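What follows is each chain in one-letter form.
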Amino acid sequence: MNLPKLLLCSCLILSSALAWAVDVMEFNCKRSEKGYTEEYEMKIMLASGTQKAKVFLDGRDLDQSDNLGSQVVKSVTLARPNILILIEAKFQPEELMGVSYPAGSVVTNITLDPITGKFRKVEKIQGGILGATIGNGTHISDETCQVSKLPYKIK
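Rules behind the numbers
Residues numbered from 1 in each chain as written. Predicted model: local features only at pLDDT ≥ 70, side-chain atom pairs only at ≥ 80, totals over all residues. Heavy atoms only, no water. Pairing = 2+ DSSP bridges. Helix = DSSP H or I, 4+ residues; strand = E, 2+ residues; numbered from the N terminus. Salt bridge = Lys/Arg side-chain N within 4 Å of Asp/Glu carboxyl O. Buried < 20%, exposed > 50% of the residue type's maximum accessible area, 1.4 Å probe, protein only.

A. Expanded view of the sheet that holds strand S1 (residues 24–33). If you trace the 10 strands from one edge of the open sheet to the other, you get S4-S3-S2-S1-S12-S11-S10-S7-S6-S5, paired in antiparallel fashion. Because the sheet does not close on itself, it has two edges, and the strands there are strand S4 (60–61) and strand S5 (64–66). Note: strand S3 (residues 54–57) against S4, two bridges, orientation antiparallel. Looking across to S4, one finds that Leu57 is bridged to Arg60.

What follows is the structure, encoded as structure tokens:
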């Protein structure tokens with residue numbers, strides 16, 4: 001009678017330990033829109049200790065800031081089977097080719113199922129050059145991302 005409970009507890013402890021052992025996940029992704037296809041590499045580094053979660057596209061850190069604005073990866077959450085990513089960007093007013101654009105912001109919520117490769121991006125655009133060219137509001141796109149390297153732990 002105690003043996004099944006012991007086995008169940010052992011399995012739960014082992015699966016939890018394995019989940020904590022993953023620090024980095026790498027994917028090959030593909031975005032297709034209006035006859036144009038783009039392929040890129042995405043690397044996700046989970047938060048650990050004092051290090052915040054990071055996301056890289058083709059080796060470029062998505063946490064960036066300059067005099068035109070800032071972009072920050074707010075969170076990376078493992079919600080099995082999905083990976084949830086929240087990114088916030090803020091842009092200063094700018095002038096481009098004689099056209100003035102107000103300040104703007106984009107909040108991006110990404111849901112990635114690493115098993116099926118389904119990648120859904122929901123962007124909420126408000127103002128700025130993106131609001132003027134793409135339109136303010138919620139924009140949804142679907143992409144595919146396949147695991148390119150098995151998840152691993154940084155030593």
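B. Fine view of the pairing of S3. Pairing of strand S2 (residues 36–45) with S3, which is carried by four bridges, proceeds in the antiparallel orientation. Within S3, the residue paired with Lys43 across the bridge is Phe56. Linking S3 back to S4 in an antiparallel pair, the connection comprises two residues, with Asp58 at a positive phi of about 50 degrees.

C. Region of the structure containing the pattern of salt bridges. Applying the stated criterion across every chain yields a total of nine salt bridges. Asp142 is the partner of Arg120 in a salt bridge, and the nearest nitrogen-oxygen pair spans 2.7 Å. Separated by 22 residues along the polypeptide, Arg120 in strand S11 (residues 118–127) and Asp142 in strand S12 (residues 137–152) bring together distant segments of the chain. The partly exposed category is assigned to Arg120, whose relative accessible area is 33%. Here Asp142 falls in the partly exposed class, since its relative accessible area comes to 42%.

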